[in-house]
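Okay, here's what each chain looks like letter by letter:
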Amino acid sequence: MVRGTKENEQLKKTQGGFTLVELAVVMIIIGLLIGGVLKGQELIANAQVTATVSQVRGIDAAVTTFRDLYDGLPGDIDGARIANCTTTDCDAAGADGDGRIDDAFNSAPAAEGTAFWLQLTAADLITGLNESAGAVWGGFYPEAEIGGGFHIGFLDGVSAALSPSAIGVALRSGHYLALHNVPDAAVSTATAGLTPNQAFRIDRKLDDGSPTTGTVRGMGTGGAGAGNCATDATVTALYNEAQPAVACGLYLRIQG
């Protein structure tokens, strides 16, 4: 009879659930795991922004070096002057040496806008392109660390049509990189590839953090609510960070 009682007590212990202490330990472990995942995601996001900013600065520096070496802009000079620049896409037909890349962003990249990247590559000033892959990110055009990639073009500072989807007034005259998401297409709201928060963080590191002023400009639509890159289109606009969806691209001025 005594033995049976001990067996019953042992069975009850075996069938018992978690104690409060055990549950607390499990919850702490789950919390630490979730916190670690979230912190890891934040670290990855920060690294992507930092790497993309470094890319932009590196491209600008590469163009400066190219101009010192060849007395002209990549894509705007005779490619025969550059060793290994022997293909039609690298040695752009029609390169006119006028001191500007004769591509705008209201159409897909053309001769000078493609040769720009391939001549920088041929001159060993940038890496990461495989010309044989064609008009894709990592082919003719560099892929951005944050996603999407870069096109190059010249804006005259007058025609808003040549700076499509720029938030606010037309961009001032100069060369710009367009950071967006479709490699063989004109820039538009449909090619946005960044969240407003990502766009803001890049803008803040390179410029003033405003989508409508400075040398880095938001690309998309302005207005409160979902689907908009900025809160409005005035000089006091902010990136619409309350919205987590992809809604922005960026124009980034280089060479001055």
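From a predicted model like this one, the values you see are computed outputs, not experimental measurements.

The next point concerns the overall build of the chain. The secondary structure content of the chain amounts to four helices and four strands. Written out in order from the N terminus, the α and β elements of the chain read α-α-α-β-β-α-β-β. Expressed as a percentage of its 256 residues, the buried residues of the chain come to 41%. When contacts within the chain are restricted to residue pairs at least 6 apart in sequence, long-range pairs at least 24 apart make up 62% of them. For the chain, the exposed area adds up to about 12,800 Å²; of that, 57% sits on carbon and sulfur atoms.

Think of an α-helix as turning once every 3.6 residues; residues three or four places apart then point the same way. Look at helix α3 (residues 111-122): 16 Å from first C-alpha to last across 12 residues, which is about the 16 Å you get at 1.5 Å a residue. Among the 12 residues in α3, 10 count as buried, and that is most of the element. Looking only at α3, the buried set comprises E112, G113, T114, A115, F116, W117, L118, Q119, L120 and A122. Where α3 ends, the next residue or the one after it, D124, has phi of about 60°, a positive value.

This next bit is on the nonpolar core. Residues W117, F150, L177, L179, I202, L250 and L252 are the most contacted members of the largest nonpolar core, which totals 44 residues. Broken down by element, the residue count for this core peaks at eight residues, all from helix α2 (residues 20-70). Ranked by size, the runner-up nonpolar core spans nine residues in total, among them F105, L171, Y176 and V187.

Turning next to the sheet that holds strand β4 (residues 249-254). Sheet architecture is open: four strands sit in the order β1-β2-β4-β3, paired in antiparallel fashion. Looking along the sheet, the strands with just one partner apiece sit at the ends: β1 (149-155) and β3 (216-219). Neighbour-to-neighbour, the strand axes of the sheet open up by a mean angle of 25°, direction not taken into account. The pairing of β3 with β4 spans four bridges and is antiparallel. Paired with V216 across the two strands is L252, which belongs to β4. Those strands touched by helix α4 (residues 196-206) are β2 (174-180), β3 and β4, and its axis lies near 15° from that of β4.

Turning to unusual backbone geometry, a few remarks are in order. With phi around 55°, D71 is a residue other than glycine that occupies positive phi space. Turning to its location among the elements, D71 is positioned in the loop between α2 and α3.

Our next topic: the state of the cysteines. Counted under the stated rule, the structure contains two disulfides. The disulfide that involves C85 links it to C90, with 2.0 Å between the sulfurs. Taking the sign of the S-S torsion, -120° for the link of C85 and C90, the bridge is left-handed. Residue class for C85 comes out buried when judged on its relative accessible area of 3%.

Turning to the pairing of β1, a few remarks are in order. Burial analysis of β1 places seven of its seven residues in the buried class, the great majority of the element. Side-chain alternation along β1 places G149, H151, G153 and L155 on one buried face and F150, I152 and F154 on a second face that is also buried. Alignment of β1 against β2, held across seven bridges, turns out to be antiparallel. When the bridges of β2 are listed, G149 appears paired with H180.

Attention now moves to the pairing of β2. Burial analysis of β2 places seven of its seven residues in the buried class, which makes it a mostly covered element. Note that β2 and β4 share five bridges and pair antiparallel. For A178, the partnering residue across the bridge sits in β4 and is Y251.

The grouping of V26, M27, I30 and I34 at the surface amounts to a nonpolar patch, some 360 Å² of accessible area in total. On the accessibility criterion, I34 (48% relative accessible area) is partly exposed.

Reading the values: rules and limits
- In every chain, residue numbers begin from 1 and rise along the written sequence.
- In view of the model being predicted, local features appear only for residues whose pLDDT reaches at least 70, and side-chain atom pairs are presented and counted only at 80 or more, with totals across whole chains, interfaces and linings using the full set of residues.
- The side-chain values count all of the structure's non-hydrogen atoms but skip hydrogen atoms and water molecules.
- Think of it this way: any DSSP run of H or I at least four residues long counts as a helix, any run of E at least two long counts as a strand, and we number them from the N terminus.
- For every residue, the accessible area (1.4 Å probe, protein chains only) is compared with the maximum for its type, and the residue is labelled buried under 20%, exposed over 50%, or partly exposed between those bounds.
- We call two residues in contact when some of their heavy atoms are within 4.5 Å.
- In this description, accessible areas are obtained by the Shrake-Rupley approach with a 1.4 Å probe, and a residue is regarded as covered only by the protein chains that are shown.
- Helix span is expected to be 1.5 Å times the residue number reduced by one.
- Take the buried residues of types Ala, Val, Leu, Ile, Met, Phe, Trp, Tyr and Cys, join any two whose side-chain atoms come within 4.5 Å, and each joined set is a nonpolar core.
- When DSSP finds two or more bridges between two strands, those strands count as paired.
- Whenever a helix is involved, its axis is fitted only over the stretch in contact; in every case the axis is a line through C-alpha atoms, and angles between N-to-C directions fall within 0 to 180 degrees.
- Cysteine sulfur atoms that pair up within 2.5 Å are treated as a disulfide.
- Exposure above 30% relative accessible area and the absence of a salt bridge qualify a residue for a patch, where like charges join within 9 Å and nonpolar side chains (Val, Leu, Ile, Met, Phe, Trp, Tyr) within 5 Å.
- Definition used for salt bridges: Asp or Glu carboxyl oxygen within 4 Å of a side-chain nitrogen of Lys or Arg.

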